[in-house]
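# What the coordinates show
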Amino acid sequence: MEQPEPAEGWPDRPLSEAETKARFTEEENVVAVWVMDHTTDIQSVAAPPSAPGDAVVDIVVETNTGYNMYSFTRGQWMNYGTQRKDDEESPSMAGTLESYRVLTGEPESF
């Protein structure tokens, strides 16, 4: 994984579930979009009071070739890079995605 960098073209607020679906369902090679459901305490720290009730602050976008990771941190979306599916030296995404749920799409098996 790469050092996180600000995600270009993203809003300066968390996305709603509907916005998250709309942002990625139009992309050609997206297999599934995963989101993390945070506890109320974590959500209250990560998302400002004006955020939607279904605010999304952590996203993994599964494509045909890898997993792209994004997180809303300190008032901005950060891009954590891509873990390629064919990189045998990278740890399996199975452990990471155990704490996520599929928002949309049909994920491939690990």
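Higher on the page you've got the structure.
Report follows, based on the coordinates.

Calculation criteria
Residues numbered from 1 in each chain as written. Predicted model: local features only at pLDDT ≥ 70, side-chain atom pairs only at ≥ 80, totals over all residues. Heavy atoms only, no water. Helix = DSSP H or I, 4+ residues; strand = E, 2+ residues; numbered from the N terminus. Rg over C-alpha atoms; globule rule 2.2 N^0.38 Å. Buried < 20%, exposed > 50% of the residue type's maximum accessible area, 1.4 Å probe, protein only. Areas by Shrake-Rupley, 256 points an atom, 1.4 Å probe, with all protein chains shown as cover. Lys, Arg positive; Asp, Glu negative; His and termini not counted. Charge placed at Lys NZ, Arg CZ, Asp CG, Glu CD. Phe/Tyr/Trp six-rings, centres within 6.5 Å; stacked < 30°, edge-to-face > 60°. Lys NZ or Arg CZ within 6 Å of the ring centre and 35° of its normal. Salt bridge = Lys/Arg side-chain N within 4 Å of Asp/Glu carboxyl O.

Let's shift gears to the overall build of the protein. The helix and strand inventory of the protein stands at 3 helices and 6 strands. Over its C-alpha atoms the protein spans a radius of gyration of 14 Å, differing by no more than 12% from the 13 Å that the globule rule assigns to 110 residues. Here the protein holds 110 residues, and 36% of them are scored as buried. Summed over its atoms, the accessible surface of the protein is roughly 6800 Å², and 45% of this surface lies on carbon and sulfur atoms. Averaging the locations of the 7 positively and 21 negatively charged side chains of the protein gives two centres separated by 5 Å.

Turning our attention to the packing of aromatic side chains. Taken as a whole and assessed by the stated rule, the structure comprises 5 aromatic pairs. With centroids separated by 4.9 Å and ring planes inclined at 45°, the aromatic side chains of W10 and W77 adopt a geometry described as tilted. Pair noted here: W10 is in the loop between β1 (5–6) and α1 (17–25) and W77 is in strand β5 (residues 76–84), with a separation of 67 residues, a long-range link. Each member of the pair, W10 as well as W77, carries the same accessibility label: buried. An aromatic cluster is defined as three or more aromatic residues linked by ring pairs; in this entry it consists of W10, F24, Y70, F72 and W77. Above the plane of the ring of W10 lies R23, whose end atom (NZ or CZ) is 4.4 Å from the centre. The ring of Y67 has K85 sitting right over it, with the charged end atom 5.4 Å from the ring centre.

What the rule picks out here adds up to 6 salt bridges. A salt bridge links R13 to E19, with the shortest nitrogen-to-oxygen separation between them at 2.7 Å. Since its relative accessible area comes to 29%, E19 is described here as partly exposed. Here K85 and E62 are joined by a salt bridge, their closest N and O atoms 3.0 Å apart. Here the residue K85 occupies a position in the loop between β5 and α3 (94–97), and E62 occupies one in strand β3 (residues 58–63), the gap between them amounting to 23 residues. Since its relative accessible area comes to 27%, K85 is described here as partly exposed.

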